[in-house]
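Read off the chains here:
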Amino acid sequence: MVIHKNSSENVSKNFSHKEIYAASRGQDEFFEFSDICINAIQYIRDYFNEPIRITSTRRSKNQNALIGGSSLSQHITGNAIDWV
């Protein structure tokens, strides 16, 4: 799925493009992000019926290195999502 920085649309029932984008680091106006991650976070939200705050999505290689992330991190490819 393509995530757009300024889109007001939702990517799932409870999560928006802006929310996914806000948790990214070092991205352009849009980026590719895993449908599997979006579906998984929505599943978790539905299962627990509690709000979820997304803390990290896609990262550029430079931003990933700055935070000490693995050079093989799935965040670099848009295949990982962190949440609380």
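For the structure itself, consult the block above.
What counts and how
- Residues numbered from 1 in each chain as written.
- Predicted model: local features only at pLDDT ≥ 70, side-chain atom pairs only at ≥ 80, totals over all residues.
- Heavy atoms only, no water.
- Core = buried A, V, L, I, M, F, W, Y, C linked by side-chain atoms within 4.5 Å.
- Buried < 20%, exposed > 50% of the residue type's maximum accessible area, 1.4 Å probe, protein only.
- Helix = DSSP H or I, 4+ residues; strand = E, 2+ residues; numbered from the N terminus.
- Contact = heavy atoms within 4.5 Å.
- Polar contact = N/O pair within 3.5 Å; in protein donor to acceptor, adjacent residues only side chain to side chain.
- Phe/Tyr/Trp six-rings, centres within 6.5 Å; stacked < 30°, edge-to-face > 60°.

> It is not clear to me how the nonpolar core should be interpreted in this structure. Could you clarify?
Burial of nonpolar side chains together is a common tendency in soluble globular proteins. If you look at the biggest cluster of nonpolar residues, it comprises 14 residues, and the most contacted ones within it are Ile3, Ile20, Phe33 and Ile81. Listing elements by their share of this core, those giving two or more residues are helix H1 (17-22) and helix H2 (35-48). Contact partners of Ile3, with chain neighbours within four places excluded, come to Val11, His17, Ile20, Tyr21, Glu29, Phe30, Phe31, Phe33 and Ile38.

> How should the side chain of Gln27 be read in this particular structure?
On the secondary structure map, Gln27 appears in the loop between H1 and strand S2 (30-32). There is a polar contact of 3.3 Å between the side chain of Gln27 and the backbone oxygen of Arg25. When neighbours within four sequence positions are excluded, Gln27 is seen to be in contact with Tyr21, Arg58, Arg59 and Ser60.

> Is there a simple way to explain the packing of aromatic side chains in this structure?
To describe a pair of aromatic rings, you give the distance between the ring centres and the angle between the ring planes. Throughout the structure, instances matching the rule amount to four aromatic pairs. Ring geometry for Phe31 versus Phe33: centroids 6.3 Å apart, planes at 90°, classification edge-to-face. Where Tyr47 meets Phe48, the ring centres are 4.9 Å apart and the plane angle is 85°; that geometry is what we call edge-to-face. Residue Tyr47 is classed as exposed on the basis of its relative accessible area, which comes to 60%. Among the aromatic residues, those joined into a cluster by ring pairs are Tyr21, Phe31 and Phe33.

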